[in-house]
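Fold and geometry: a report
Each chain, written out:
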Amino acid sequence: MKTTSTPLSKFLQKFSRWCQRCVRYPLLAIILLGVSCRETVKSEFAAADRADRPPNIVIIFTDDQGYSDVGVYGARDIPTPNLDAMAADGLLLTNFYAAQPVCSASRAGLLTGCYPNRVGIHNALMPNSPVGLNPAEETLAELLRQKGYRTGIFGKWHLGDHPDFLPTRHGFDEFFGIPYSNDMWPLHPQQGPVFDFGPLPLYEQERVVDTLEDQTLLTRQITERSVDFINRHREEPFFLYVPHPQPHVPLFVSDAFRGKSGRGLYGDVIMEIDWSVGQVLGALEDNGLTDDTWVIFTSDNGPWLAYGNHSGRAEPLREGKGTNWEGGVREPCIMKFPGRLPRGKVLDEPLMAIDLLPTIASVTGSPQPGREIDGKNAWGLLSGAEARGPQDAYYFYYRVNELQAVRDGDWKLVLPHNYRTMQGQEPGADGLPGAYDYVDVTAPELYNLREDPGETNNLAERHPEVVAAISRKADSMRRRLGDALTGVKGVENRPPGRVETGAGQEH
């Protein structure tokens, strides 16, 4: 009959073998007995306790990082050993999408499991905006906290800076960081002619503890707070959200990484972020939490190409931030969850940030939101139990409710719209932006992304039946969430939070 090992029986077996090895040194055995017994029993029972609790969740979310700005995604001039090792130990996703190609909207999609226009968040919210994430929306942090998780955010929020909208009002127990993008400060290169930004506040919970004039140490401070959060909450389930303000311009890096990459200041910044990932993974290892933690690394949107050498790269993908071409929305994404997710696997099926909330809620046994969401549980795809993802198609909105593209399997239908490009334009340099040109897509364009990820070969004329089929899906989504480009008003859109305050909403 098979017997079941308990933590105590395992310890006694280990202790018996240890005593046999120590018979030649009885005095040494007696001296070490107290320490060995105490630490072994503590370790064994701690592991048993953790086996009964839900897994920890860590999401590391960078800002404006290009698809090819990580070694395993093709970067050859930026060393990223920690992210590369994480991919070797986990899952590398090659078709992972941000919810929208811009800061606030993308974050709303990640934290609510909704297309951002469903919850009324568009573009990038400005300082003193009267708009923020509606308190009626249930964030991932709120759902996990109902399950008993401790929740912390260290980095950039950007879903409203009024006190009613801060992360501590949306399910986070702890907040340290900035309320919006790091370029929304008096040192913006277009301050005066275009913008009139006040000082950039650094928050501790809901209190401003500093105004930043230099961001050199911010990545390091965020990392230290993240590690401390892990150390303090190792005995209870936790959700750690690390939305780095970098590599969004203006670029800042500590002296330890300055001049270390082969791609100038931008590469140095990515190296420091990679170091930060290593520190978080190391803290999990030091606390014996590696096997109990699902770590997700990704970015909010693609590179801000107008900034030239201070921008990332998305090759072989087309365009960047602020567009729904692949370079604007397809992001690097690496997941590690030992024993639960495959090791060293490349996943080519499409997935979007909106799917993370329902998937995490399912894996942790947390409640699903009470309101309608757009994301779906993708655990079957991630774990390898299923070959296809949960979504019939993905819909790409931008600006204020413009439906600009649809992905359906390997096909992507690009709908008529106006987009910005740096093609043929002089790029910016050293922190100053170049000027975009603007181009109209005048008729639907169709691309096979498996064969043509760079979206160079328009197949619409060769496959009119595919264009028609995906167009019908676009029409269905328009009836639900609307489309400003065709004048259709949706029936499922919900309002954002709104307060009486200053002006300014979008950037």
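All values derive from a computational prediction rather than experimental measurement.

Examining the pairing of strand E5 (residues 174–178)
Counting buried positions along E5 yields 5 of 5 residues, so the element is predominantly enclosed. Both faces of E5 are covered, namely the face carrying Glu-174, Phe-176 and Ile-178 and the face carrying Phe-175 and Gly-177. Summarising the sheet, strand E4 (residues 150–156) and E5 pair through 5 bridges and their orientation is parallel. By the bridge assignment for E5, Lys-156 is matched with Ile-178.

Here's the deal with the packing of helix H6 (residues 218–232) against helix H7 (residues 264–286)
Their axes nearest at 9 Å, the elements H6 and H7 cross at an angle of 10°. By the angle between their axes, H6 is roughly parallel relative to H7. For the pair H6 and H7, contact is made by Thr-219, Arg-220, Thr-223, Ser-226, Val-227 and Ile-230 and by Glu-272, Trp-275, Ser-276, Gln-279, Val-280, Ala-283 and Leu-284, respectively. When the residues that make up the contact of H6 with H7 are grouped by side-chain class, the tally is 6 nonpolar, 5 polar and 2 charged.

Looking at H7
Here H7 is 23 residues long and its end C-alpha atoms lie 33 Å apart, about the 33 Å a rise of 1.5 Å per residue gives. With 17 of its 23 residues buried, H7 lies for the most part within the structure. Among the residues trailing H7, Gly-288 stands out with phi positive, at a value near 70°.

Let's talk about helix H4 (residues 103–112)
Every α-helix winds through 3.6 residues per turn, so residues three or four apart in the chain are directed the same way. Of all 10 residues in H4, 10 are buried, a share of seventy percent or more. Every buried residue of H4 is listed here: Cys-103, Ser-104, Ala-105, Ser-106, Arg-107, Ala-108, Gly-109, Leu-110, Leu-111 and Thr-112. Once H4 finishes, Gly-113 follows within two positions and takes phi at roughly 75°, a positive value.

Side note on the nonpolar core
Grouped together as the largest cluster of nonpolar side chains are 137 residues, with contacts concentrated most on Phe-239, Trp-294 and Met-335. It is H7 that contributes the most residues to this core, 11 residues altogether. Filtering out sequence-adjacent residues up to four positions away, Phe-239 remains in contact with Ile-57, Ile-59, Leu-140, Ala-141, Leu-144, Tyr-149, Arg-150, Thr-151, Gly-152, Phe-172 and Phe-229. Among the nonpolar cores identified, the runner-up in size contains 5 residues, and Cys-103, Ala-105, Ala-124 and Tyr-398 belong to it.

Some words on the confidence of the model for the chain
Here the chain averages 91 in pLDDT, while 89% of its residues score no lower than 70. Confidence drops under pLDDT 50 across residues 1–48; counting only partners more than four residues distant or on other chains, this segment forms 17 contacts. In this model residues 502–507 is a low-confidence stretch, pLDDT under 50, and it forms 26 contacts with partners more than four residues away in sequence or in other chains.

Some points on the pattern of salt bridges
Under the criterion given, the structure shown has 35 salt bridges. One salt bridge connects Lys-156 with Asp-63, and the closest N-O pair in it is separated by 2.5 Å. Here Asp-63 lies in the loop between strand E1 (56–62) and helix H3 (81–89) and Lys-156 lies in strand E4, a separation of 93 residues in the sequence. Residue classification places Lys-156 among the buried residues on the basis of a relative accessible area of 0%. Residue Arg-263 pairs with Asp-69 through a salt bridge whose shortest N-O separation is 2.8 Å. In this pair, Arg-263 is assigned in the loop between strand E8 (238–243) and H7 and Asp-69 in the loop between E1 and H3, connecting sequence segments 194 residues apart. On the accessibility criterion, Arg-263 (10% relative accessible area) is buried. Because the salt bridges share partners, they merge into one network encompassing Arg-118, Glu-372, Asp-374, Arg-480 and Glu-492.

Re the packing of aromatic side chains
Enumeration according to the criterion identifies 20 aromatic pairs in this entry. Arranged with centres 5.1 Å apart and planes meeting at 70°, the rings of Tyr-97 and Phe-396 form a pair that is edge-to-face. Pair noted here: Tyr-97 is in strand E2 (residues 91–97) and Phe-396 is in strand E13 (residues 394–398), with a separation of 299 residues, a long-range link. Taken as a pair, Tyr-97 and Phe-396 share a single burial class, namely buried.

Quick notes on unusual backbone geometry
A cis amide bond links Gln-246 with the next residue in sequence, Pro-247, at an omega value of 5°. Turning to its location among the elements, Pro-247 is positioned in the loop between E8 and H7. Notably, His-158 is not glycine yet its phi reads approximately 65°, a positive angle. Mapped onto the elements, His-158 comes out in the loop between E4 and E5. The backbone of Gln-205 sits at a positive phi, close to 60°, despite the residue not being glycine. In this structure, Gln-205 sits in the loop between strand E6 (200–204) and strand E7 (207–212).

The rules behind the values
- Residues numbered from 1 in each chain as written.
- Predicted model: local features only at pLDDT ≥ 70, side-chain atom pairs only at ≥ 80, totals over all residues.
- Heavy atoms only, no water.
- Buried < 20%, exposed > 50% of the residue type's maximum accessible area, 1.4 Å probe, protein only.
- Helix = DSSP H or I, 4+ residues; strand = E, 2+ residues; numbered from the N terminus.
- Pairing = 2+ DSSP bridges.
- Axes fitted to C-alpha atoms, helices over the stretch in contact; angles between N-to-C directions.
- Parallel < 35°, antiparallel > 145°, perpendicular 65-115°, else oblique.
- Contact = heavy atoms within 4.5 Å.
- Nonpolar A, V, L, I, M, F, W, Y, C, P; charged D, E, K, R; others polar.
- Expected span 1.5 Å × (residues − 1).
- Core = buried A, V, L, I, M, F, W, Y, C linked by side-chain atoms within 4.5 Å.
- pLDDT = per-residue confidence, 0-100.
- Salt bridge = Lys/Arg side-chain N within 4 Å of Asp/Glu carboxyl O.
- Phe/Tyr/Trp six-rings, centres within 6.5 Å; stacked < 30°, edge-to-face > 60°.

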